[in-house]
Structures are given as structure tokens and as C-alpha cells.
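# Structural features, examined
Residues per chain, in single letters:
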Amino acid sequence: MNKLLMAVLLAFGGAVGTLPQPAAAADIVVVRTEPPPLRSEPVPDARRGYVWAPGYWRWSGNHYVWVRGQWMRARHGYYWRPSTWESRGDRWQMQHGGWVRGDGDRDGDGIPNRVDRDRDNDGVPNRYDARPNDPDRR
């Protein structure tokens, strides 16, 4: 009887342990302290097959800590969106960096790439631009 009861409890405990947890809630960071200005970091020479993820301020519970920029292995069809802090009234919310599908609005001008006549927002129309998808050439 004890073995049967133990087996049932273990089986039930295993089932409870596999319930989905809201992961996004743990990633939300909201603080009342404005982040310091971004640090100026030298960007190393370009590396083929990699993109540069710039440094950012991370909240560590009671103060900001600088996270240095790093190279990220490129993902075909995606671009790296850097981490930023956004003001929300009297609070600041962290927008974590991550990979974003490249078919959206790569240059952030509010015009979808499929109809954007200046995809890298450098002022040169795509048909005259030698590198129309390079937002770093602004």
C-alpha cells in the first residue's frame, strides 16, 4: 500500500512539475531609477558571419551594471535588436535585445521593408543605393 501511495504521489508531483510557467513575466524589469548614459565602446572590425550586439545597462537588483558589447553569430533572415530602456511615466522598463525576423521594419521608420523605398533609412532610395539593407551606413 505504501509503495502504491508513493508511486501515485510521485506521478502527481511529476505532472505538477511539468505545468507551463509564464517565462515572460520573469524577464520583465521595471525600475524607478533612470539608467546612466550609454558608454562609448569601440566596435571591433567586422567579422564575417557575425553581428555586433552593443553594450547596455543591466539592472542587478539595486543598481545598474554595464554589460559589454559582443559578437553574435549571424542568423540568416534575422537582425539583432539591441537591449534598450524605455521610459514609462516615472518608471523605466528594459526591452531585452534579441533576434528579430528581417521581413519587418529593419530601419525602424514605421514602413514595412516590403514597401520601404529606403530600407536602411540613409536618405538614398534603394534603387540608387549600393547597399540598401545596411542600417549601419547612416
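Residues numbered from 1 in each chain as written. Predicted model: local features only at pLDDT ≥ 70, side-chain atom pairs only at ≥ 80, totals over all residues. Heavy atoms only, no water.

### Let's talk about the overall build of the protein chain
- Of the regular secondary structure elements, the protein chain holds two helices and nine strands.
- The linear arrangement of helices and strands in the protein chain, starting from the amino end, is α-α-β-β-β-β-β-β-β-β-β.
- Partitioning the contacts of the protein chain with sequence separation of at least 6, the portion at a separation of at least 24 is 37%.
- For the protein chain, the computed accessible surface area is about 10,700 Å², with 55% contributed by carbon and sulfur atoms. (Helix = DSSP H or I, 4+ residues; strand = E, 2+ residues; numbered from the N terminus. Contact = heavy atoms within 4.5 Å. Areas by Shrake-Rupley, 256 points an atom, 1.4 Å probe, with all protein chains shown as cover.)

### Looking at the pattern of salt bridges
- According to the stated counting rule, one finds three salt bridges in the structure shown.
- D90 is the salt-bridge partner of R32, the closest N and O atoms lying 2.9 Å from each other. Of the two residues, R32 sits in the loop between β1 (30–31) and β2 (50–53) while D90 sits in the loop between β7 (84–88) and β8 (91–95), which places them 58 residues apart along the sequence.
- Residue R88 pairs with E86 through a salt bridge whose shortest N-O separation is 2.8 Å.
- With relative accessibility at 40%, the residue R88 sits in the partly exposed group. (Salt bridge = Lys/Arg side-chain N within 4 Å of Asp/Glu carboxyl O. Buried < 20%, exposed > 50% of the residue type's maximum accessible area, 1.4 Å probe, protein only.)

### What about the side chain of S83?
- With respect to the element layout, S83 can be found in the loop between β6 (78–81) and β7.
- Exposure remark for S83: the relative accessible area of 15% places this residue in the buried category.
- A distance of 2.8 Å separates a polar atom in the side chain of S83 from the backbone nitrogen of G97. (Polar contact = N/O pair within 3.5 Å; in protein donor to acceptor, adjacent residues only side chain to side chain.)

### Some remarks on the packing of aromatic side chains
- In the structure shown here, the tally under the stated rule is five aromatic pairs.
- For the pair W52 and W71, a centre-to-centre distance of 5.3 Å together with 70° between the ring planes defines the contact as edge-to-face. Here W71 lies in strand β5 (residues 70–73) and W52 lies in strand β2, a separation of 19 residues in the sequence.
- Taken together, W59, Y64 and W85 form an aromatic cluster joined through their ring pairs.
- Over the ring of Y50 we find R47; its NZ or CZ atom is 4.2 Å from the centre of that ring. (Phe/Tyr/Trp six-rings, centres within 6.5 Å; stacked < 30°, edge-to-face > 60°. Lys NZ or Arg CZ within 6 Å of the ring centre and 35° of its normal.)

### Observations concerning the sheet that holds β1
- Taken in spatial order, the three strands make up an open sheet running β1-β8-β7, and their pairing is antiparallel. Every other strand in the sheet has two partners, leaving β1 and β7 as the edge strands with one partner each.
- Two strands pair when backbone bridges link them, and β1 and β8 are joined in this way by two bridges, in the antiparallel orientation. Bridging across to β8, V31 finds its partner in W92. (Pairing = 2+ DSSP bridges.)

### Topic: the confidence of the model for the protein chain
- Averaged over every residue, the pLDDT of the protein chain is 78; the share at 70 or more is 70%.
- Within the protein chain, helix α1 (residues 2–17) has the poorest average pLDDT of any element, 50, and strand β4 (residues 64–67) the best, 97. (pLDDT = per-residue confidence, 0-100.)

### A few points about the environment of V30
- Position of V30 relative to the elements: it lies in strand β1.
- Accessibility expressed as a relative area gives 43% for V30, which makes it partly exposed.
- When the C-alpha atoms of V30 and E86 are compared, they prove to be 9.5 Å apart, with 56 residues separating the residues in sequence.
- What V30 contacts, discounting residues up to four positions off in sequence, is R91, W92 and Q93.

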